[in-house]
There are 2 protein chains.
Amino acid sequence: MPTIKDVAAHAGVSPSTVHYALNGKRSISPEVRQRVLASVQALDYSASAVAQRMREHRSYSLGLVAPELPASDAAMMEMLTATAATASAADHTLGIFLNQTPDQVLNLLRGQYVDGVILIETTHHDPRIEVLRGTPHPFVLIGQTGDMTGLTTVDFDFEEAFYLAFDHLARLGHRDIGFIVPHGAEEGSGERKENWYATQRGFRRAQQEHGLRAVLEPAVLDIEDGHRAALRLTARAPHITAIVASGHTHVGVLRALYSQGRRVPDDCSVIGVTTAQIAGWTIPRLTSVDLPLRQMSVTASELLLRKVGGEDVTEQVLLPAVLVERESTAPPARRPHED
Amino acid sequence: MPTIKDVAAHAGVSPSTVHYALNGKRSISPEVRQRVLASVQALDYSASAVAQRMREHRSYSLGLVAPELPASDAAMMEMLTATAATASAADHTLGIFLNQTPDQVLNLLRGQYVDGVILIETTHHDPRIEVLRGTPHPFVLIGQTGDMTGLTTVDFDFEEAFYLAFDHLARLGHRDIGFIVPHGAEEGSGERKENWYATQRGFRRAQQEHGLRAVLEPAVLDIEDGHRAALRLTARAPHITAIVASGHTHVGVLRALYSQGRRVPDDCSVIGVTTAQIAGWTIPRLTSVDLPLRQMSVTASELLLRKVGGEDVTEQVLLPAVLVERESTAPPARRPHED
DNA sequence: TTGTAGGCGTTATCAG
DNA sequence: CTGATAACGCCTACAA
């Protein structure tokens, strides 16, 4: 790779002249300009980004930091593409960092591998946040955490989401409802506790308003555990007429009901709080409160870019919940019913 | 951020002493060593990665380059996590580059934003490959392209995959089979043509071997178009007893059959060539030839890392196809049966 | 065992 | 209008 010096030598000028010929930041005589440009062509020169970044103390790249393997591929991809697009539009690069220790994340920032990071799947006591908080490094989280003072965050209104889900079922006439909730959160183990609280508040509000009887069943929020949870639920509480499923559990729930010969929504309604992509293509299509993943990512990226740009932002954005009626909910069967 | 000089000054030694104290590359008196380490602690110093990378002319990061938005979220995520993990294990960072022009990709390499790239979703005449070929920059493709001489590639044996799919149906007794094929590829428009050829070869081989009658229906390989294609297919050729679906079309196919009241596999078998994650959780579970996405990504990353490390690799890896029987295929119904 | 000096490639500042 | 110089932070001969 030729350097700016090579070009300068080739054109018989100084490095700074080459530089300014390429960046028009100061006036150059047309002839010299041509000569330089010709040399640039001849040697196929282009400036070294590393050297530039070293000089500027910036890497022009952002990091997306996810713990372990992401909970949901589809969700992660949607966030990823949206983040990549936003970063790219602002001439930034996006790096992916999975499975990093908090110190590794810190070193990413300190070593200027990235100018700022977006943290996803945050928990109540999130070591990544604790390490970053107080440092001068820009970061934004998508999610919640225990102490959010001074942090820049983007999140979804889970309280309203679950309120809407239960409210919808209640209005259809359901009273006995199964509820698949995030495993572990229940005991406040420090995992995802904030969302758990929000979820609880939404649920309780609808419960009181409509006098609902709910049966809670914890599950890891993946398809397989959703399946198991649904089987436990229907065994424990065969009288329920509807199920509220978090995350991707609804795919497993639908499968469990199908294998038991229960028809959805005739024999049992199912409603989810999940990503639209998954919800729209199950059989039957799932009525759900869709997570606005794309919007969350874009918002988070934009906030981060502003922080990286030196702006002093401490916004906390909460995106609203909207229920989308599809085909998996109906009034409970009072009397047998054919379709 | 403190520099090595700051530490040196604080400890009353020279920068090189600090350096060697931290990297044990030469002997240091215990006392000086302690003093330096104390200063490092005190100032909270850590070496700047940009400066290091500038010196070494390496960024220790790889790029994953995908055109437009990826065809399949789930597939992309699986490749992404596997690639990130492999890169990370080799102390490399992974950058994501969507929607980049061939020149942008080249500049990524030239500017040493990344040390090498993995190209996915390659086409017959892939401008990205044409631009990179002949440059000294390391790159690996996952997929095929027109002229593969000298390239390092990883791909899946699509010929065998489709052969196995048709062979499986033929052995079950099916003779009239619907085949949802990649749209556009048929006409050799330059898109994905290589896989199309392989697909055709596999299909033709099974067809001749078993005397199959197939009805081809082109579709973009997503859920929605799979749905439409299945509707067209069953309208044109109601006598088919099985459908072979590429990519994620099977989800749409299942939905189409469901909405028509055709039971799978009783009234119509469905077999896919797709990712295991999707295949395993449809209703019914899909019999399919699963794409070994994880393995492809790991192999590609490892090859790329070797190239980046200076090794001279021009391997072309073809991963084998394996059929997994689940629940969506069965012998065709010989006698009429209520529908 | 430790310090000095030079270079990686770019760019800003200061002379000319 | 153009050229020389220094500095970004690190690493490594080479010298002491």
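Being a predicted model, the structure only gives us computed values, none of them experimental.

S.K.: What is the right way to look at the protein's contact with DNA strand C in this model?
M.R.: Taken together, 24 residues form the shell around DNA strand C, and within it I4 and H19 of chain A together with T17, S27 and V32 of chain B come nearest. One nitrogen or oxygen atom from the side chain of R55 of chain A is found 3.0 Å from a base oxygen belonging to DNA strand C. Note that a base oxygen of DNA strand C is positioned 3.2 Å from one of the side-chain N or O atoms of S16 of chain B. Going through the elements one at a time, α2 (15-23) and α4 (49-56) of chain A together with α2 (15-23) and α4 (49-56) of chain B are the ones with two or more residues in the surface near DNA strand C. Considered class by class, the residues forming the surface near DNA strand C number nine nonpolar, eleven polar and four charged.

S.K.: How should I be thinking about unusual backbone geometry in this particular structure?
M.R.: Most peptide bonds adopt trans geometry, and most residues besides glycine take a negative phi value. Each neighbour pair has its own omega, and for I283 of chain A with P284 of chain A the value is -5°, a cis peptide bond. Positionally, P284 of chain A belongs in the loop between α12 (276-279) and β10 (287-290). Positioned with a positive phi, H57 of chain A is a non-glycine residue whose angle comes to about 55°. In this fold, H57 of chain A is placed in the loop between α4 and β1 (61-66). Located in the positive-phi region is N99 of chain B, a residue other than glycine, with phi close to 65°.

S.K.: Looking at this structure, how should I read the protein's contact with DNA strand D?
M.R.: The environment of DNA strand D is made up of 24 residues, and the closest members are T17, R26 and S29 of chain A together with I4 and Q52 of chain B. Counting only the atoms of DNA strand D within 4 Å of the protein, the fraction contributed by sugar and phosphate is 60%. S27 of chain A places a polar side-chain atom, nitrogen or oxygen, 2.9 Å from a phosphate oxygen of DNA strand D. One of the side-chain nitrogen or oxygen atoms of H57 of chain A is found 3.1 Å away from a sugar or linking oxygen of DNA strand D. Listing elements by their share of the surface near DNA strand D, those giving two or more residues are α2 and α4 of chain A together with α2 and α4 of chain B. Here the residues of the surface near DNA strand D sort into nine nonpolar, eleven polar and four charged.

S.K.: Just to check I follow, could you spell out the relation of the copies chain A and chain B for this structure?
M.R.: For the match of chain A to chain B, the screw axis carries a shift of 0.1 Å, the RMSD comes to 0.2 Å, and the turn is 180°. The relationship between the two copies is best expressed as a two-fold rotation axis. Taking C-alpha positions as the reference, the residue of chain A nearest the rotation axis is G95 of chain A, at 2.0 Å. Taken as a fraction of all interface residues of chain A, those also at the interface in chain B reach 98%, which identifies the copy contact as same-surface.

S.K.: Mind showing me how you'd approach the interface of chain A and chain B here?
M.R.: Quite often, the size of an interface is put as the accessible area lost when its parts meet. Counting from both sides, the interface comprises 51 residues of chain A and, opposite them, 50 residues of chain B. Between chain A and chain B the total buried area reaches about 4400 Å² when both faces are included, carbon and sulfur atoms providing 62% of it. On the chain A side of the interface with chain B, the three residues burying the most area are R110, R255 and W281 of chain A, jointly 19% of the side's total. Across the contact surface, chain A and chain B share four salt bridges.

S.K.: I'm lost on the UniProt feature "domain: HTH lacI-type" (unreviewed entry) in chain A in this one. Help?
M.R.: Summarizing the sequence annotation, UniProt attributes the feature "domain: HTH lacI-type" (unreviewed entry) to residues 2-56 of chain A in the numbering used throughout. Structurally, residues 2-56 of chain A comprises 71% helix and 0% strand, and the distance from its first C-alpha atom to its last is 21 Å.

S.K.: Where do I start with helix α11 (residues 249-259) of chain A in this structure?
M.R.: In an α-helix there are 3.6 residues to a turn, and that puts residues three or four apart on one side. All names here are of chain A. α11 sits mainly inside the fold: nine of its eleven residues count as buried. Burial in α11 covers these residues: T249, H250, V251, G252, V253, L254, R255, A256 and L257. In this fold, the buried residues of α11 make contact with β6 (176-182), α10 (223-236), β8 (242-246), β9 (269-274) and α12.

S.K.: Just checking my understanding: could you explain the sheet that holds strand β9 (residues 269-274) of chain B for this structure?
M.R.: All names here are of chain B. Spatially, β7-β6-β8-β9-β10-β12 is the arrangement adopted by the six strands of the open sheet, whose pairing is mixed. Where the open sheet ends on each side, the last strands, each with one partner, are β7 (213-219) and β12 (323-324). In this sheet, strand β8 (residues 242-246) lies alongside strand β6 (residues 176-182) in parallel orientation, the contact comprising four bridges. Each bridged residue has a counterpart across the sheet, and for I180 the counterpart in β8 is A245.

S.K.: Please clarify how the sheet that holds strand β7 (residues 213-219) of chain A should be interpreted in this entry.
M.R.: Across a sheet, paired strands are connected by hydrogen bonds in the backbone, their directions being either parallel or antiparallel. All names here are of chain A. If you walk across this open sheet you meet the six strands as β7-β6-β8-β9-β10-β12, and the pairing is mixed. Edge positions in the open sheet fall to β7 and β12 (323-324), since each of these has one partner strand only. Pairing of β10 with β12 involves two bridges; the strand directions are antiparallel. Note that in β12 the partner of V289 across the bridge is L323. Relative to the sheet, helix α8 (residues 158-172) contacts β6, β8, β9, β10 and β12, its axis offset from that of β9 by approximately 170°. Along the sheet, α10 makes contact with β6, β7 and β8, crossing β7 at roughly 145°.

S.K.: What exactly am I supposed to notice about helix α6 (residues 102-110) of chain A here?
M.R.: Residues and elements named next belong to chain A. Every buried residue of α6 is accounted for by V105, L106, L108, L109 and R110. Elements in contact with the buried residues of α6: β1, β2 (93-98), β3 (116-120) and α7 (127-132). Q112, located one to two residues past α6, shows a positive phi value of around 60°.

Cut-off values and rules
- Residues numbered from 1 in each chain as written.
- Chains lettered and ligands numbered in written order.
- Predicted model: local features only at pLDDT ≥ 70, side-chain atom pairs only at ≥ 80, totals over all residues.
- Heavy atoms only, no water.
- Near = heavy atom within 4 Å.
- Polar contact = N/O pair within 3.5 Å; in protein donor to acceptor, adjacent residues only side chain to side chain.
- Helix = DSSP H or I, 4+ residues; strand = E, 2+ residues; numbered from the N terminus.
- Nonpolar A, V, L, I, M, F, W, Y, C, P; charged D, E, K, R; others polar.
- Least-squares fit on C-alpha atoms with pLDDT ≥ 70 in both.
- Contact = heavy atoms within 4.5 Å.
- Buried area = accessible area lost by both parts, 1.4 Å probe.
- Salt bridge = Lys/Arg side-chain N within 4 Å of Asp/Glu carboxyl O.
- UniProt positions renumbered as here; feature names shortened; annotations may be inferred.
- Buried < 20%, exposed > 50% of the residue type's maximum accessible area, 1.4 Å probe, protein only.
- Pairing = 2+ DSSP bridges.
- Axes fitted to C-alpha atoms, helices over the stretch in contact; angles between N-to-C directions.

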